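# Residue-level structure breakdown
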Amino acid sequence: MITIQHQETEKSGIFEAWMQSTEEGACTDPVQVGEMTYQRPTPQRMVIDHTRVFEGFEGRGIARQMVLAAVDFARSNNRQIIPLCSYAQAFLTRTDEFQDILR
C-alpha cells in the first residue's frame, strides 16, 4: 500500500510516496518510493518542478498518486498548479478533468 505524505514551507513543498511491505508475513518499516517537489511563487500557485519514482518501484502508479494528491491539495486550498515537470504536465493536460486547477 502506498501512502502519500505532504510537507510545505512558505516557498516550497514536497509530496513523498511511502510503501510498507511485508517480508515472510512480517511488516517492514515504510520505505520512501518517490517524491514530487513544487515551488510557491505566490501564495495561490504551485509550480510542480520534479516528479521522481525511485528505481525498482516504477510502473506501480506512484507518480500518478502523488500528482492526484497535489490536485486534491490545490483544490481544497484554492490554488492553481503550473506543471513544469514533464510527467505532471502530460498527466494534467491529458483530459479536461484538471482544467479548474491549471494555470
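That block above? That's the structure.
Pairing in this open sheet of five strands is mixed, and the strands run 1-2-5-6-7 from one edge to the other. At either end of the open sheet lies a strand with only one pairing partner, and these are strand 1 (2–8) and strand 7 (80–83). The mean angle between the axes of side-by-side strands here comes to 30°, regardless of whether they run parallel or antiparallel. Across seven bridges, the pairing between strand 1 and strand 2 (residues 12–19) is antiparallel. Across the sheet, residue Q5 finds its bridge partner in strand 2, namely E16.

Between its terminal C-alpha atoms helix 1 (residues 62–76) stretches 21 Å, which fits the 21 Å expected from 15 residues at 1.5 Å a residue. For helix 1, every residue scored as buried is listed here: I62, A63, M66, V67, A69, A70, V71, F73 and A74. The elements touched by buried residues of helix 1 are strand 1, strand 2, strand 5 (31–39), strand 6 (45–53), strand 7 and helix 2 (86–93). At the exit of helix 1 stands N78, carrying a positive phi of roughly 50°.

Turning our attention to the nonpolar core. Judged by nonpolar contacts, the single largest core of 27 residues is most densely connected at F15, M46, I48, I81 and L92. Ranked by residue count, the leading element in this core is helix 1, at eight residues. Ignoring anything within four residues of it in the chain, the contact list for M46 reads F15, Y38, Q39, A70, F73, A74, R79, Q80, I81 and I82.

The next point concerns unusual backbone geometry. Generally, phi is negative for residues other than glycine and the peptide bonds are trans, each holding for most cases. Of note in this structure, N78 is not a glycine but carries a positive phi near 50°. With respect to the secondary-structure elements, N78 resides in the loop between helix 1 and strand 7. Judged by relative accessible area, N78 falls into the exposed class, the value being 63%.

In this section: the pattern of salt bridges. Here the structure, examined in full by the defined rule, presents three salt bridges. Each of E8, R40 and R79 takes part in a single network of salt bridges with overlapping partners.

What the rule picks out here adds up to four aromatic pairs. Cluster of aromatic residues (ring-pair linked, three or more members): F15, Y38 and F73.

This part covers the environment of R64. Its location among the elements puts R64 in helix 1. Judged by relative accessible area, which is 42%, R64 ranks as partly exposed. Between the C-alpha atoms of R64 and T51, which are 13 residues apart in sequence, the distance is 9.6 Å. Excluding its chain neighbours within four sequence positions, the residues that come into contact with R64 are Y87 and F91.

Conventions and cut-offs
- Residues numbered from 1 in each chain as written.
- Predicted model: local features only at pLDDT ≥ 70, side-chain atom pairs only at ≥ 80, totals over all residues.
- Heavy atoms only, no water.
- Pairing = 2+ DSSP bridges.
- Helix = DSSP H or I, 4+ residues; strand = E, 2+ residues; numbered from the N terminus.
- Axes fitted to C-alpha atoms, helices over the stretch in contact; angles between N-to-C directions.
- Expected span 1.5 Å × (residues − 1).
- Buried < 20%, exposed > 50% of the residue type's maximum accessible area, 1.4 Å probe, protein only.
- Contact = heavy atoms within 4.5 Å.
- Core = buried A, V, L, I, M, F, W, Y, C linked by side-chain atoms within 4.5 Å.
- Salt bridge = Lys/Arg side-chain N within 4 Å of Asp/Glu carboxyl O.
- Phe/Tyr/Trp six-rings, centres within 6.5 Å; stacked < 30°, edge-to-face > 60°.

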